[in-house]
Amino acid sequence: MPRFQAPVGTRDIMPPESARWERLVGVFRARVEAAGYGLVLSPMFEDVAVFERVGGATDVVTKEMYDFADKGGRRVALRPEGTASVVRAWVQHRPPLPFKAWYAAPSFRYERPQAGRYRQHHQLGIEALGTDDPELDVEVIALAWGVVADLGLERVGLALNSLGDAESRPRYVAAMWSFMKANRKGLCEEHRRRTDEADATGTVPANPLRVLDCKRTDCRNTTESAPRSIDFLSDAAAADFGRVTDGLGSVGIDYRIEPRLVRGLDYYTRTIFELVAEDLDAAQNGIGGGGRYDGLVEALGGPPTPGIGFGMGMERLLLACDAESKFKLGSTGVDVWVVDSTGGSEATKLVHRLRTAGVSCDRSFNGRSMKAQFRGADRSGAVMALVLGPREVAAGEVSVQLLREDSPAVVVGAADVVGHVVKILAGQVGAKR
Ligand code: HAM
């Protein structure tokens, strides 16, 4: 038999780690639902054109997409991110504006796997459609920042930039294109090739800003002197950006304006931002990012409707937590372990009564020895063992043995034992394990 493994670039999230994932979703949900965002559950795959329409010139769409023809011959793609799906869903259903949505979405990118970079990753994100007010930019960034704070992370930086609006962005793109042509010799091989190819056709490459994100030394050095988007902002875009920075200041959020900041997807306009974990390596320190996409709804067939949002990688958030020793693995397991040395059917009845009363409990099977059953109790992290031996069963009693204290077992009538257990647990809240 072959030894099957999870596909390259994917991971099984096993207990007890999976409990931390659930808690992370809970932290995120609590934060964004308290701000009026509602959960959107959209399909994990879409018509490939949805993603091509929003990122046709990006690596995420051209190189990394899991796209294929289904059995009906439709070209579909596993979603590489959450924004396009939420926007497609809004255009389809047209719920009232403003529309505020959140999601926890597995996302798929055929990337070269490495620590913090997977072929299936998981994004927690929000999208807000229908408002171009920069105060909303502040709200969205503050929510991302709030999640970071809720997790206890302290060494995270907020990088901010503005790409400009419909008036100023094209001027900036044109300036970047001129810069690339004039400095082609200093670019890395790939960007030199891209520049030459576009130049030969006489067209502006789809997104010449991408070079600012190139990690190769040639491009990094050469683009030190590249034009900066914030120097090209129209008066309106500059005023909006000023309100974003003032707003962040007014709610006590530190940020750093990063004029080279660009994003890996093409739909962004005006405010963009990234959360960077200072303790992680450059390849994995982007724990979240987002920005405005005022043209995306239209690109997917809707009316002109502004939008803004962000996505955070769950894997990366947890890596950042580990690096700062925050948001640790909580205790999992059960509170009570039932030990039955009379064959097991007494345990079945008691476990059923305990579970019906909402007590978390477990037991051993297959008539294991007392010693083995107590080992199971220990491993489970249970606070107490309820022991059913021949003597207890004959007398209609149960021995209650606290496992974390050096105290003698207490014998309780079988009819009262569930109530007794509930009282013990209530009295030990917080100090249970
Ligand atoms: P993104 O920056 O491409 O933006 O992804 C968001 C986050 O997902 C990243 O900051 C990173 O933490 C995580 N991530 C991305 N790719 C991987 C990967 N291969 N492995 C592990 N983690 C990864 C977006 O996807 C936009 N949709 C965000 C957004 C929402 N913008 C506006 N609204």
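Predicted model, so just to flag it, every value in this text is computed and none were measured.

Visitor: Help me understand the sheet that holds strand β14 (residues 384–388) in this model?
Guide: Strand pairing in a sheet relies on backbone hydrogen bonds, with the paired strands running either antiparallel or parallel. Spatial strand order, β13-β12-β14-β15-β16: 5 strands in an open sheet with mixed pairing. The sheet terminates laterally at β13 (361–363) and β16 (410–413), the two strands that pair on one side only. Strand-to-strand, the axes of this sheet are offset by a mean angle of 30 degrees, without reference to chain direction. Pairing of strand β12 (residues 336–340) with β14, which is carried by 5 bridges, proceeds in the parallel orientation. Counterpart to tryptophan 337 in the pairing with β14 is alanine 385. Of the strands in this sheet, β12, β13, β14 and β15 (397–402) are in contact with helix α12 (residues 345–356), which crosses β12 at around 160 degrees. With respect to the sheet, helix α13 (residues 370–380) is in contact with β12 and β14, its orientation differing from that of β12 by roughly 175 degrees.

Visitor: Looking at this structure, how should I read the side chain of arginine 210?
Guide: Here arginine 210 is to be found in the loop between α7 (189–201) and α8 (217–222). Here arginine 210 falls in the buried class, since its relative accessible area comes to 11%. Those residues in contact with arginine 210 that sit more than four places away from it in its chain are Ala57, Thr58, His191, Arg194, Arg263, Gly264, Leu265 and Asp266.

Visitor: Quick question: what am I supposed to make of the pairing of β12 here?
Guide: Successive residues of a regular strand alternate their side chains across the two faces of the sheet. Across the 5 residues that make up β12, a large majority, 5, are buried. What you see with β12 is no split at all: Val336, Val338 and Asp340 on one side and Trp337 and Val339 on the other are buried throughout. As judged from the 3 bridges shared by β12 and β13, these two strands associate in the parallel manner. Note that in β13 the partner of valine 336 across the bridge is cysteine 361. Handedness of the β-α-β unit built from β12, α12 and β13 comes out right-handed.

Visitor: Help me understand a positive patch on the surface, please; the structure alone is not making it clear to me.
Guide: On the surface, a cluster of positive charge is contributed by Arg368, Lys371, Arg375 and Arg379. On the basis of relative accessibility, which here comes to 45%, the residue arginine 375 falls in the partly exposed class.

Visitor: Where do I start with the pattern of salt bridges in this structure?
Guide: Two side chains carrying opposite charge are able to pair once their charged atoms lie near each other. All chains considered together, the criterion is met by 34 salt bridges. Residues aspartate 70 and arginine 74 are paired through a salt bridge, measuring 3.1 Å at the closest nitrogen-oxygen approach. Each member of the salt-bridge network shares a partner with another, and the members are Asp59, Lys63, Glu190, Arg194 and Arg216.

Visitor: Mind showing me how you'd approach the pairing of strand β6 (residues 120–129) here?
Guide: Within β6, 9 of the 10 residues are buried, which leaves the element mostly enclosed by the surrounding structure. The pairing of strand β5 (residues 99–108) with β6 spans 10 bridges and is antiparallel. Its bridge partner lying in β6, serine 107 is registered against histidine 121. Bridge count between β6 and strand β11 (residues 307–313): 7 bridges; the pairing is antiparallel. Bridge pairing in β11 links glutamine 123 to glycine 313.

Conventions and cut-offs
- Residues numbered from 1 in each chain as written.
- Predicted model: local features only at pLDDT ≥ 70, side-chain atom pairs only at ≥ 80, totals over all residues.
- Heavy atoms only, no water.
- Pairing = 2+ DSSP bridges.
- Helix = DSSP H or I, 4+ residues; strand = E, 2+ residues; numbered from the N terminus.
- Axes fitted to C-alpha atoms, helices over the stretch in contact; angles between N-to-C directions.
- Contact = heavy atoms within 4.5 Å.
- Buried < 20%, exposed > 50% of the residue type's maximum accessible area, 1.4 Å probe, protein only.
- Right-handed = clockwise from strand over helix to strand, strands pointing away.
- Patch = residues over 30% accessible without salt bridge, like charges linked within 9 Å, V, L, I, M, F, W, Y side chains within 5 Å.
- Areas by Shrake-Rupley, 256 points an atom, 1.4 Å probe, with all protein chains shown as cover.
- Salt bridge = Lys/Arg side-chain N within 4 Å of Asp/Glu carboxyl O.
- Lys, Arg positive; Asp, Glu negative; His and termini not counted.
- Charge placed at Lys NZ, Arg CZ, Asp CG, Glu CD.

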